[in-house]
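# Fold and contact review
Spelled out from the first residue to the last, the chains are:
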Amino acid sequence: MKHFNKKRYHRWALGAIACALTACASIGRPEGGPRDTTPPEFTYSNPAPGSRNVKTTRIDVYFNENVQLDDPTNKIIVSPAQKTMPSLNAQGRRVTVELRDSLIPNATYTIDFADAINDLNEKNILDGFAIDFSTGQDLDTLRISGMVLAARNLEPAQGMLVGVYSKLDDTTLTTLPFERVARTNQYGQFTIRNLKPGQYHIFAINDVNRDNHWDRSEDIAFYDLTISPTVEDIEVTDTLRSAQNTDSLVTHRGIRYLPNDILLTWFNEEYKSQYLSDYKRPDRHKVTLNFGAPSDTMPTLTLLDGPLKGTTLAEHSIIKRSATRDSIEYWINDSILIARDSMLVAATYLRTDSLDNLSWTTDTLKFNFREPKGSKKKKKKNDDADTIPQIDFIRFNSRTSGTQDINLPLIFDSSEPIRSLDNSAVHLSMLNDTVWTAVADAPTLDVDSINPLMFRYSYNWKPGTRYKLEIDSASITGIYGHFNKPISQEIRIKALEEYGNLFFRINDTDSTAIVELLNQSDGVVAKSPVIDGLASFNFVRPGNYYARLILDKNENGKWDTGNYADSLQPEEVYYYPKKIALKANWDIEQSWNIYETALDLQKPYEIKKNKPKLKGRTSNPNSYTDEEDEEDTDNFFNNGYQGTSTNRYDTEQRNLNNMNSLRGGIRSF
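Residues numbered from 1 in each chain as written. Predicted model: local features only at pLDDT ≥ 70, side-chain atom pairs only at ≥ 80, totals over all residues. Heavy atoms only, no water.

### Comments concerning the overall build of the protein
The condition is simple: Only DSSP runs of H or I reaching four residues or more are called helices, and only runs of E reaching two or more are called strands; each is numbered from the N terminus. Burial classes: relative accessible area under 20% of the type maximum marks a residue as buried, over 50% as exposed, and values in between as partly exposed (1.4 Å probe, protein chains only). We call two residues in contact whenever any of their non-hydrogen atoms come within 4.5 Å of each other. For the area figures, the Shrake-Rupley method with a 1.4 Å probe applies, and any residue is considered shielded solely by the protein chains shown.
Helix and strand counts for the protein stand at seven helices and 45 strands. Each of the 669 residues in the protein was classed as buried or not, and the buried ones make up 47%. Residue pairs at least 24 apart in sequence account for 68% of intrachain contacts in the protein once pairs closer than 6 positions are excluded. By element, 47% of the accessible surface of the protein is carried by carbon and sulfur atoms, the whole surface being about 33,400 Å².

Pasting the structure below:
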């Protein structure tokens, strides 16, 4: 059977899940004895697993020790999907599930407990436990297993709903409940059990409103092809230990349910209805509009009253807006409008209609302003009539406190938009020995393209040098006539020895890519395009860093989400699997093969936000390491789960037979 070209198509990930019901467990431990690290053991249930012709809606499940349920309403799930949440209760060694929906005739039911069951004393988790029964004569037995990760940051999707449809049309996903469902466990793994033979479409969603189908604002993952579950015979080798403490290997026949390596990466389409969410006039000089979603078009505000009737507000204002135009401020610079306590305007903008399409609409808006109480000061009787009025100065402040990075501009914030700025009154000098010397090629202060209250002062700073920036009084005038006080600021430019440089040599990919340098909170510090296989980060402050690579398929310089209607998957993301300790005055060049490490093991444990609960380590989960995480996962699979590596590959070559023939790789279980 033909294998894929690894260089182009392999995106290794952890396989998932069959089922393990039995393991050794102890009820407690005597004082001074060994710690109980084994989960509860299933003993029996009523009805028994695999029962047929079941008529009762109450299911009692018994274990060998006292148990409790962790977040049962979110973790425990029933297939077929239930309209009414079942009653879930744990008492002693018994867990009771009471179904509140009527039973469907001739249907196979699955109660999937995921990782909700743990023992009462040590909180050891029984993961992947499920009970099945049939209301008819036949019991469906096929399974689909896999893993769900966040497309943007490879976080394991915990508690996400995974479901299938045997038939799919344009409205199925948004109107009908899933036919069979499961929830992901703490590792993002899932198993959909008790399927009939046939072809299935598989999805994962965060079902916020618990209606068992997707709403467009919810997170979603989808698989591009239909899946046909099968089962195959395998040989299983177990290790037995004798009373003399010697080991022997025993081989017996077993079965494996396929596919068990489905990889789903969830995303959010970032869909929001477009509407005018808020409008106000916080002071005489300013009008603000806020919209429910980003837009590529500015609204038009036409004045409907007063002497400026028929003109637009933009003609009499300086506009400050967000990059996505969902937040807009109009700084009014016309004294006639400023003096008016009320303005009536016609606002024309794009709004989402009942058919989910954008269409132009016009609303009539009234902007009122009232002077706050106490804003007008009462003049005392004995006040001198010739008292000098207080002068209001414009605030023009630097964001730099004294030390400046060599590769960044100075940033200034103004308290109001600027009418005029005399750059000849802006002076830059450099300290030579003990003398300040004027810089001949001094730059100009430049206003930001979308924020008229922000200015940049860009210069090719000399490392390790002190500069002084001076701005003469009254050289900056705001749109309301205010001017600046004299400004003088000394700054020290960092020396080259205070930085490190970091380079990633990207192997085994010829796609357009971007590397993001991350801090210890998984936040982006800097980003660099991959040019000729190299991503370069210069002038990086010493510290601990991580890295993430984006395959930028549309070459727009950023990560892009997916779109289900267009069958568009989100852009692929990979993590460098280790922490990088960068010291001052160091250069590091790191080779990086993005396919070398299994996808679920790529993100370093220190920056994972969805950390799994730990068997035998629950007292201090923060001390857990990548190696222990992999060991726990391996033990999880070795206790009855069959896993294989899975791959991400191009749509034209996605073929389940090829995928299922691809085994081994980085991890084997």
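Okay, back to it.
### A look at the nonpolar core
Inclusion rule: Put simply, a nonpolar core is a bunch of buried Ala, Val, Leu, Ile, Met, Phe, Trp, Tyr and Cys residues held in one set by side-chain atoms that sit within 4.5 Å of each other.
Membership of the largest hydrophobic core comes to 35 residues, with the highest contact counts inside it found for Phe 504, Val 515, Phe 537, Leu 549 and Trp 592. At the level of secondary structure, the elements contributing two or more residues to this core comprise strand S11 (142-150), strand S38 (500-507), strand S39 (513-518), strand S41 (534-540), strand S42 (543-551), strand S43 (573-575), strand S44 (580-582) and strand S45 (587-593). The residues touching Phe 504, leaving out its near neighbours within four places in the chain, are Val 515, Leu 517, Gly 533, Leu 534, Ala 535, Phe 537, Ala 547, Tyr 576, Ile 580, Gln 590 and Trp 592.

### Topic: the environment of Arg 466
Structurally, the position occupied by Arg 466 is in strand S35 (residues 466-471). Spatially, the C-alpha atoms of Arg 466 and Arg 492 are 4.5 Å apart, while their sequence positions differ by 26 residues. Contacts of Arg 466, omitting those with residues within four sequence positions, involve Ser 429, Met 430, Leu 431, Trp 436, Glu 490, Ile 491 and Arg 492.

### Notes on the pattern of salt bridges
Put simply, the rule reads: A pair is scored as a salt bridge if a Lys or Arg side-chain nitrogen falls within 4 Å of a carboxyl oxygen belonging to Asp or Glu.
Within this structure, the stated rule accounts for 26 salt bridges. Salt-bridge contacts for Asp 60 lead to Arg 58; the nearest nitrogen and oxygen are separated by 3.1 Å. Using a relative accessible area of 10% as the deciding quantity, one classes Asp 60 as buried. Salt-bridge contacts for Arg 256 lead to Glu 232; the nearest nitrogen and oxygen are separated by 2.9 Å. With a gap of 24 residues between them, Arg 256 in strand S18 (residues 247-258) and Glu 232 in strand S17 (residues 230-241) connect regions that are remote in the sequence. Exposure remark for Arg 256: the relative accessible area of 21% places this residue in the partly exposed category.

### A look at the environment of Asn 563
Applicable threshold: Under this definition, polar contacts are N or O atom pairs within 3.5 Å; protein pairs additionally need one hydrogen-donor-capable and one acceptor-capable atom, and for neighbouring residues in sequence, both atoms have to be side-chain atoms.
Relative to the assigned elements, Asn 563 resides in the loop between S42 and S43. In this structure the C-alpha to C-alpha distance between Asn 563 and Ala 221, which are 342 residues apart in sequence, comes to 9.7 Å. Ignoring sequence-local partners within four residues, the contact set of Asn 563 consists of Arg 216, Phe 222, Phe 267, Glu 269 and Leu 568. Side-chain polar atoms of Asn 563 contact the backbone nitrogen of Ala 565, separated by 3.1 Å.

### Some thoughts on the sheet that holds strand S15 (residues 201-205)
We apply this condition: Strands were regarded as paired on the criterion that DSSP finds at least two bridges between them. To define axes, lines are fitted to C-alpha atoms, for helices over the stretch in contact only, and angles between the resulting N-to-C directions are given on a 0 to 180 degree scale.
Taken together, four strands build an open sheet; the order of strands is S13-S12-S15-S16 and the sheet is antiparallel. What marks the edges here is a single partner per strand, and that holds for strand S13 (180-183) and strand S16 (220-222). Neighbour to neighbour, the strand axes of the sheet diverge by 20 degrees on average, direction disregarded. Bridge analysis of S15 against S16 gives three bridges, and the strand direction is antiparallel. Following the sheet pairing, Ala 204 is matched in S16 by Ala 221.

### Here's the deal with the environment of Lys 196
Among the secondary structure elements, Lys 196 is positioned in the loop between strand S14 (189-195) and S15. Sequence separation between Lys 196 and Leu 142 is 54 residues, and the spatial gap between their C-alpha atoms is 6.3 Å. Filtering out sequence-adjacent residues up to four positions away, Lys 196 remains in contact with Asp 140, Leu 142 and Pro 229. A polar atom in the side chain of Lys 196 sits 3.3 Å from the side chain of Asp 140.

### Some points on unusual backbone geometry
Geometrically, the link from Ser 79 to Pro 80 is a cis peptide bond, its omega value of -5 degrees lying close to zero. Looking at the element boundaries, Pro 80 is found in the loop between strand S4 (77-79) and strand S5 (87-91). Residue Pro 259 is reached from Leu 258 by a cis peptide bond, and omega for that bond is 0 degrees. Its place among the elements puts Pro 259 in the loop between S18 and strand S19 (262-266). The backbone phi angle of Asp 71 is positive, close to 50 degrees, even though this residue is not glycine. The residue Asp 71 is located in the loop between strand S3 (67-69) and helix H2 (72-75) in this model. Its identity is not glycine, yet Arg 325 carries a phi of approximately 60 degrees, on the positive side. With respect to the helices and strands, the residue Arg 325 is situated in the loop between strand S23 (317-321) and strand S24 (327-332). Given a relative accessible area of 22%, Arg 325 falls into the partly exposed group.

### A few points about the packing of aromatic side chains
Rules: A pair of aromatic rings is counted whenever rings of Phe, Tyr or Trp (Trp by its six-membered ring) have centres within 6.5 Å, and the orientation is called stacked for planes under 30 degrees apart, edge-to-face for over 60 and tilted otherwise.
By the definition in use, this model includes 27 aromatic pairs. Plain terms: the ring middles of Phe 42 and Phe 129 are 5.4 Å apart, the flat faces sit at 40 degrees to each other, and that makes the pair tilted. Of this pair, Phe 42 sits in strand S1 (residues 42-46) while Phe 129 sits in strand S10 (residues 129-134), and the two are 87 residues apart along the sequence. The same class applies to Phe 42 as to Phe 129, namely buried. Three or more aromatic residues joined by ring pairs make a cluster, and in this case those are Tyr 165, Phe 178, Phe 203, Trp 214, Phe 222, Phe 267 and Tyr 564.

### Side note on the confidence of the model for the protein
Keep this limit in mind: Each residue carries a pLDDT score, the predictor's own confidence in it, on a scale running from 0 to 100.
On average, the protein scores 85 in pLDDT, and the residues at 70 or more come to 84%. S15 holds the highest mean pLDDT among the elements of the protein, 98, whereas helix H7 (residues 656-661) holds the lowest, 31. Low pLDDT, under 50, characterises residues 633-669; the stretch is placed with 125 contacts to residues that sit more than four places away or in other chains.

### Remarks on the sheet that holds strand S31 (residues 426-432)
Pairing within the open sheet is mixed, and its five strands lie in the order S28-S37-S35-S31-S32. Edge strands, defined here as strands with exactly one partner in the open sheet, are strand S28 (403-404) and strand S32 (435-438). In this structure, S31 lies alongside S35, joined through five bridges in antiparallel fashion. Looking at the pairing, Ser 429 lines up with Lys 468 of S35.

### Re the pairing of strand S21 (residues 286-291)
Of all six residues in S21, five are buried; the element is thus mostly enclosed. Bridge count for S21 against S24 is five bridges, and the pairing is antiparallel. Directly across from Leu 289, in S24, lies its bridge partner Ile 328.

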